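# Observations on the model geometry
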Protein chains: 2
Amino acid sequence: MLTLDAAYRRLLARAHPTEPESVPLAEALGRVLADPKVTAAIDVPGFDNSAMDGYAVRAADTPGGLKLAGEITAGASALRPVEPGTAVRIMTGAPIPPGADAVVPVEIATEADTVVEVGAAVPGDHVRLAAHDTRAGDEICLPEALTPPMIAVLASIGIGEVRVRRRPRVAILSTGDELVDVGQALASFQIHDANGVALAAAVREVGGEPVLLPRARDDASEIERVLTRGARDADLIVTSGGVSVGRHDHVRSVLETRGSLDFWRIAVQPGKPLAVGAIGGTTVIGLPGNPVSALVVFELFVRPVVRAMSGLTGDGRLHLRATPTTRIAKDPQRRAFLRVTVWHEDGQMHARPAGGQASSQLRPLAEANALLAVPEGADAAEPGRSYEAIVLGPLDLAHWR
Amino acid sequence: MLTLDAAYRRLLARAHPTEPESVPLAEALGRVLADPKVTAAIDVPGFDNSAMDGYAVRAADTPGGLKLAGEITAGASALRPVEPGTAVRIMTGAPIPPGADAVVPVEIATEADTVVEVGAAVPGDHVRLAAHDTRAGDEICLPEALTPPMIAVLASIGIGEVRVRRRPRVAILSTGDELVDVGQALASFQIHDANGVALAAAVREVGGEPVLLPRARDDASEIERVLTRGARDADLIVTSGGVSVGRHDHVRSVLETRGSLDFWRIAVQPGKPLAVGAIGGTTVIGLPGNPVSALVVFELFVRPVVRAMSGLTGDGRLHLRATPTTRIAKDPQRRAFLRVTVWHEDGQMHARPAGGQASSQLRPLAEANALLAVPEGADAAEPGRSYEAIVLGPLDLAHWR
């Protein structure tokens with residue numbers, strides 16, 4: 001069996017960023033710039049402007065009564081100079097007129113007729129200088145998935161369209177004679193195909209574009225046909241089922257005979273059987289058929305691959321350390337990812353099982369807010385020792401100092 | 001001025017969950033069930049099945065040589081009983097045939113011709129019992145936004161369509177004579193409309209459906225016309241600009257004269273001017289025009305409102321406490337939300353300014369991974385004291401115990 005770390009490195013080596021495409025800035029949330037370095041073509045702000053609603057003045061004239069000589073609104077196109085002894089009403093964001101060197105806020109001014117009584121000001125008061133946020137020529141580096149504030153920064157320097165990595169197209173294939181679509185009635189010994197919809201959701205969650213392939217029976221030629229067709233349009237294919245040691249595990253055998261197979265057993269719990277290979281030049285990750293194993297292995301292996309294809313690094317999850325409150329048994333040969341609830345209490349992060357740890361128990365995974373990683377070698381997660389936790393769900397740390 | 005907490009309570013009282021709609025389970029990622037309690041109609045699994053590829057046996061016959069009497073694959077439709085002295089080849093997930101009470105894994109069995117030599121087994125070995133994950137009639141409670149594992153649970157109990165809250169439609173209106181679309185050239189004293197695209201992204205990020213209204217000039221009748229039309233189809237309207245004390249701040253005045261105005265100044269920094277009201281029965285939240293203020297006030301007020309309309313509570317952010325490494329000055333009258341970088345080192349969470357704290361400095365907000373909340377009364381965030389941090393971006397806590 002491969003260690004998780006070796007498998008992870010070999011898989012990541014196969015993940016190449018997708019080619020760039022142009023999208024309008026308004027649709028760029030969560031996308032990743034093909035080139036994270038952006039050079040500003042303009043100053044922001046482009047001109048000295050007022051930080052307050054008030055009066056543009058010559059500071060030397062203050063405090064005192066000044067002759068009111070007009071008004072400047074945001075968006076004004078031409079400016080008359082402020083002469084000595086005068087003040088001009090000015091709105092937040094409006095350009096500072098020539099001659100003026102300060103703004104007196106309305107709160108400390110009184111306007112009566114054509115005269116305004118203003119409080120004291122020193123040069124620069126409530127003036128936002130041109131280029132104080134960004135100067136033309138500045139290099140702005142945005143290597144992460146674009147957030148609303150990053151989008152605002154790009155908008156402020158006038159960029160209406162961005163070159164981003166295309167969302168990886170991830171084809172999903174469920175295999176198994178026993179599978180029936182969710183929503184359809186079950187005959188004897190059939191089960192619902194939970195993996196198709198859940199893996200598609202997991203792909204979407206990590207920023208990929210899922211494509212559900214037609215489900216295949218446990219039949220080598222059918223699996224080969226669907227994989228070959230799916231490989232044409234996909235950046236990655238994720239299958240579930242058919243990768244174990246049984247005689248009807250055809251995903252593995254199809255990869256071996258019609259494509260290439262890289263490795264297929266890894267020392268993780270749940271999820272030992274994993275086939276990684278390629279067909280028609282497209283990487284195929286063959287997950288176990290059991291939904292718990294499929295989703296945990298997706299989290300550990302497929303999620304970072306889709307992120308790498310999108311131009312990101314790592315798994316994008318919060319990692320913590322937590323200490324179990326009870327002993328949780330595991331297979332000593334494999335690194336276990338226990339389904340746990342982590343919480344903060346008395347200055348410590350604790351973990352307790354979110355339910356049974358059998359790989360056939362799906363509800364504990366849905367109820368867990370973290371996976372607790374317990375290393376190879378140990379036969380249990382022990383109370384009193386801390387382990388790395390991969391946070392998957394809501395967590396309140398407001399009182400953790 | 002209203003305190004932030006009072007404003008928050010008054011605003012949340014206006015947020016009503018949207019009506020439910022049915023969506024296919026495959027499209028339900030991130031959606032919220034209208035009724036979080038789901039009753040399982042079937043057992044999961046529906047039948048006793050094998051946890052391994054191996055041989056279904058009578059445990060009392062093991063260890064020893066057994067006559068091989070056929071094979072059961074997953075999806076088998078009829079089962080012959082396992083007679084004493086015989087074994088049946090069985091695949092993972094396939095039903096346990098009558099008579100058998102254990103499975104011997106292939107790893108400890110040797111098949112030769114019509115005989116299989118099996119290792120020892122006790123009753124129940126490698127058998128997953130029917131209903132051990134979920135029993136028909138069990139109530140499953142899923143109150144949070146649906147995750148891939150929750151979708152798998154719903155699929156496993158055969159639910160192909162779910163009733164979820166409709167995504168709140170949030171109309172976005174930018175106001176200001178000085179604004180120009182991003183991507184267009186600026187004339188003198190114009191600026192790009194960063195708020196339109198950034199607020200739309202923020203709405204999408206929190207699960208709402210943004211609708212960009214045509215931008216309005218600083219003109220009361222134009223603003224009234226756009227707001228009235230926008231109110232017809234929106235669950236919420238978010239405007240930017242026109243809510244301060246200036247004579248050209250028409251959003252506030254339109255709400256006052258044509259709809260209703262609830263309050264309009266709150267003790268937060270950045271973001272003092274805030275108008276909350278209604279027009280045509282739709283709540284309007286009037287944000288400041290400055291993009292930093294608009295996005296911070298969105299974070300504090302609009303985000304929880306859109307979540308409440310979606311059926312969720314709180315802001316969905318990780319909250320921590322962090323200690324500044326330097327003094328960061330603030331307005332003592334208001335609660336400040338400083339743009340900071342938080343990180344973990346030497347067993348502590350630290351915070352440093354992500355850049356200048358002027359509300360006209362947008363890049364520090366894009367570079368910050370947290371907002372540090374410093375209470376009213378204090379004139380600075382002080383080193384040596386810890387403050388609540390609202391985490392907005394990537395954070396590595398892997399080594400925090």
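Just so we're clear, the structure is a prediction, and the values are computed from it rather than from any experiment.

## Regarding the relation of the copies chain A and chain B
Both copies of the chain are related by a screw-like operation: a rotation about an axis and a shift along it. With an RMSD of 0.1 Å, chain A superimposes on chain B once it is rotated by 180° and translated 0.0 Å along the axis. In the structure described here, the two chain copies are related by an operation that fits a two-fold rotation axis. In terms of proximity to the rotation axis, the leading residue of chain A is Leu318 of chain A, whose C-alpha is 4.9 Å off the axis.

## Section: the sheet that holds strand β5 (residues 64-72) of chain B
Residues and elements named next belong to chain B. Strand order in the open sheet formed by six strands is β7-β4-β6-β5-β9-β8, with mixed pairing between adjacent strands. The open sheet has two edge strands with one neighbour each: β7 (102-105) and β8 (109-112). Sheet twist, expressed as the average angle between the axes of neighbouring strands with direction ignored, equals 40°. For β5 and strand β6 (residues 86-90), the ladder comprises four bridges, and the chain directions are parallel.

## Regarding helix α6 (residues 291-310) of chain B
Residues and elements named next belong to chain B. The largest bend in α6 amounts to roughly 45° and is located at Phe298. The element α6 is extensively covered by neighbouring structure, given that 19 of its 20 residues are classed as buried. For α6, the N-terminal capping position is held by Asn290, with its side-chain oxygen 2.9 Å away from the main-chain nitrogen of Val292. Taken from the residues just after α6, Gly311 is the one with a positive phi, measuring 95°.

## Describing the sheet that holds strand β16 (residues 209-212) of chain A
Residue and element names in this part refer to chain A. Overall, mixed pairing links the six strands, which are arranged β16-β13-β17-β21-β20-β18 in an open sheet. In this open sheet, the two strands that pair with only one neighbour each are β16 and β18 (260-265). Taken pair by pair, the neighbouring strands of this sheet meet at an average axis angle of 20°, ignoring direction. With four bridges connecting them, strand β13 (residues 169-174) and β16 associate as parallel partners. Paired with Val170 across the two strands is Pro210, which belongs to β16. Along the sheet, helix α5 (residues 250-258) contacts β17 (236-240), β18, β20 (273-279) and β21 (282-287); its crossing angle with β20, the most-contacted strand, is approximately 35°.

## Thoughts on the packing of aromatic side chains
Counted by the stated rule, this structure contains two aromatic pairs over all chains. Here the aromatic rings of Phe189 of chain A and Phe47 of chain B are separated by 5.3 Å at their centres, their planes lie at 85°, and the arrangement is edge-to-face. In this pair, Phe189 of chain A is assigned in the loop between β14 (179-180) and β15 (191-192) and Phe47 of chain B in the loop between β2 (37-39) and β3 (49-50), connecting two distinct chains. Overall, the relative accessible area of 10% leaves Phe47 of chain B in the buried class. Over the face of the ring belonging to Trp343 of chain A we find Arg352 of chain A, whose NZ or CZ atom lies 4.6 Å from the ring centre.

## Looking at the interface of chain A and chain B
Contacts between the two partners involve 83 residues from chain A and, on the opposite side, 83 residues from chain B. Of the roughly 7100 Å² buried between chain A and chain B, counting both surfaces, carbon and sulfur atoms make up 65%. Taken together, the links from chain A to chain B amount to four salt bridges. Between Asp138 of chain A and Arg363 of chain B there is a salt bridge; the shortest N-O distance is 3.2 Å. Between the two partners, chain A and chain B, sit twelve residue pairs in polar contact (both at pLDDT 80 or more). Looking at the side of chain A that touches chain B, the elements that each hand over two or more residues are β11 (139-141), α2 (148-156), β15, α3 (194-205), β22 (318-324) and α7 (363-367) of chain A. Ranked by residue count, the leading element in the side of chain A that touches chain B is α2 of chain A, at eight residues.

## A short note on the confidence of the model for chain A
Confidence in the prediction for chain A averages 94 pLDDT; 99% of positions are at 70 or higher. Quick note on the complex model: pTM equals 0.95, ipTM equals 0.95.

## Here's the deal with the packing of helix α3 (residues 194-205) of chain B against α6 of chain B
Residue and element names in this part refer to chain B. One way to put it is that α3 packs onto α6 with a least axis distance of 11 Å and a crossing angle of 25°. The orientation of α3 relative to α6 falls into the category roughly parallel. When the axes of α3 and α6 are compared, the crossing they make is right-handed. Residue-level contacts link Ala194, Asn195, Ala198, Leu199, Ala202, Val203 and Glu205 of α3 to Pro291, Ala294, Leu295, Phe298 and Arg303 of α6. Its residues assigned to classes, the contact of α3 with α6 comprises nine nonpolar, one polar and two charged.

## Quick word on the pattern of salt bridges
All names here are of chain B. Summed over all chains, the structure comprises 40 salt bridges over all chains. Glu19 is paired through a salt bridge with Arg166; the nearest N and O atoms lie 2.8 Å apart. Of this pair, Glu19 sits in the loop between α1 (4-12) and β1 (20-24) while Arg166 sits in the loop between β12 (161-165) and β13 (169-174), and the two are 147 residues apart along the sequence. Accessibility expressed as a relative area gives 43% for Glu19, which makes it partly exposed.

## As for unusual backbone geometry
In this model, Val44 of chain A is joined to Pro45 of chain A through a cis peptide bond whose omega is -10°. With respect to the helices and strands, the residue Pro45 of chain A is situated in the loop between β2 (37-39) and β3 (49-50). With omega at -5°, the peptide bond leading from Thr62 of chain B into Pro63 of chain B counts as cis. With respect to the element layout, Pro63 of chain B can be found in the loop between β4 (54-57) and β5. Residues other than glycine seldom take positive phi values, yet Phe189 of chain B does so here, at roughly 65°.

## Quick word on the pairing of β5 of chain B
Sheet topology places β5 of chain B next to strand β9 (residues 115-118) of chain B; four bridges connect them, and they run antiparallel. Following the sheet pairing, Lys67 of chain B is matched in β9 of chain B by Val115 of chain B.

## Some thoughts on the pairing of β13 of chain B
Residues and elements named next belong to chain B. With five of six residues buried, β13 lies mostly within the body of the structure. Alignment of β13 against strand β17 (residues 236-240), held across five bridges, turns out to be parallel. Along β17, the bridge assignment pairs Ser174 with Ser240.

What counts and what doesn't
- Residues numbered from 1 in each chain as written.
- Chains lettered and ligands numbered in written order.
- Predicted model: local features only at pLDDT ≥ 70, side-chain atom pairs only at ≥ 80, totals over all residues.
- Heavy atoms only, no water.
- Least-squares fit on C-alpha atoms with pLDDT ≥ 70 in both.
- Pairing = 2+ DSSP bridges.
- Helix = DSSP H or I, 4+ residues; strand = E, 2+ residues; numbered from the N terminus.
- Axes fitted to C-alpha atoms, helices over the stretch in contact; angles between N-to-C directions.
- Bend = angle between axes of the 7 residues up to and from the residue.
- Buried < 20%, exposed > 50% of the residue type's maximum accessible area, 1.4 Å probe, protein only.
- Polar contact = N/O pair within 3.5 Å; in protein donor to acceptor, adjacent residues only side chain to side chain.
- Contact = heavy atoms within 4.5 Å.
- Phe/Tyr/Trp six-rings, centres within 6.5 Å; stacked < 30°, edge-to-face > 60°.
- Lys NZ or Arg CZ within 6 Å of the ring centre and 35° of its normal.
- Buried area = accessible area lost by both parts, 1.4 Å probe.
- Salt bridge = Lys/Arg side-chain N within 4 Å of Asp/Glu carboxyl O.
- pLDDT = per-residue confidence, 0-100.
- Parallel < 35°, antiparallel > 145°, perpendicular 65-115°, else oblique.
- Left-handed = near helix turned anticlockwise from the far one by under 90°.
- Nonpolar A, V, L, I, M, F, W, Y, C, P; charged D, E, K, R; others polar.

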